[in-house]
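A structural walkthrough
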Amino acid sequence: MKRHYLYGLLGLLSLLGFVGVFTQERVFLAFFAFAVDFTHFFQRKDEMAVAYLNRSAALGFHWGMAATGVVAAGSFFLQGQESSQALVTGLAAGFAVAVVVHALAELYFVTRERWGLTYDPD
């Protein structure tokens, strides 16, 4: 499964967060957000797990893009930032929102399945 390697790669990106711990570059601490993907190394991939990942990734993408647009427009028009600075602010906010929404949606879907709250006709 090709997606398995992608999720593992995203989990390995979280190791870049240790650069922020051991140096003064605190911006690298944001990479710890990818630690949520380490769980994909240790679980079997079935159809429901892939469907949950796809749904949570889609939610994260859409919310992240919406946040990028809103924050970039707000920074440009309301705060009077330059266009390039407003875009950087919007991209940073959109990335943060996308990661948080993805993690929370995945937590919701997986917890709901583990507790048996999903509808399974079989």
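Cut-offs applied
- Residues numbered from 1 in each chain as written.
- Predicted model: local features only at pLDDT ≥ 70, side-chain atom pairs only at ≥ 80, totals over all residues.
- Heavy atoms only, no water.
- Helix = DSSP H or I, 4+ residues; strand = E, 2+ residues; numbered from the N terminus.
- Contact = heavy atoms within 4.5 Å.
- Axes fitted to C-alpha atoms, helices over the stretch in contact; angles between N-to-C directions.
- Parallel < 35°, antiparallel > 145°, perpendicular 65-115°, else oblique.
- Left-handed = near helix turned anticlockwise from the far one by under 90°.
- Nonpolar A, V, L, I, M, F, W, Y, C, P; charged D, E, K, R; others polar.
- Expected span 1.5 Å × (residues − 1).
- Buried < 20%, exposed > 50% of the residue type's maximum accessible area, 1.4 Å probe, protein only.
- Phe/Tyr/Trp six-rings, centres within 6.5 Å; stacked < 30°, edge-to-face > 60°.

1. Describing the side chain of S75
- By the element assignment, S75 lies in helix α3 (residues 47–77).
- Contacts of S75, omitting those with residues within four sequence positions, involve G80, Q81, A86 and T89.

2. With respect to the packing of α3 against helix α4 (residues 83–114)
- For the pair α3 and α4, interaxial distance at closest approach is 6 Å and the crossing angle is 155°. With respect to α4, the axis of α3 lies roughly antiparallel. In the crossing of α3 with α4, the sense of the turn from one axis to the other is right-handed.
- Here the contact of α3 with α4 is built from residues that sort into 19 nonpolar, 10 polar and 4 charged.

3. Concerning α3
- For α3, spanning 31 residues, the distance from its first C-alpha to its last is 45 Å, which sits close to the expected 45 Å at 1.5 Å a residue.
- The set of residues buried in α3 consists of A49, V50, Y52, L53, S56, G60, G64, A67, T68, A72 and S75.

4. Observations regarding the environment of L16
- Examined against the element boundaries, L16 turns out to sit in the loop between α1 (2–13) and α2 (17–22).
- Sequence separation of L16 and F31 is 15 residues, and the distance between their C-alpha atoms is 5.9 Å.
- Residue contacts for L16: discarding those within four places in its chain leaves F28 and F31.

5. Focus on the packing of aromatic side chains
- Applying the stated criterion to the full structure yields 4 aromatic pairs.
- For the pair F18 and F22, a centre-to-centre distance of 6.3 Å together with 20° between the ring planes defines the contact as stacked. One end of the pair, F18, and the other, F22, are both in helix α2, 4 residues apart, so they sit about a helical turn from each other.
- By relative accessible area, which is 67% here, F22 ends up exposed.
- Judged by centre distance (5.5 Å) and plane angle (15°), the ring pair of Y52 and F109 falls under stacked. With Y52 in helix α3 and F109 in helix α4, this residue pair connects regions lying 57 residues apart in the sequence. For the pair Y52 and F109, one class covers both residues: buried.

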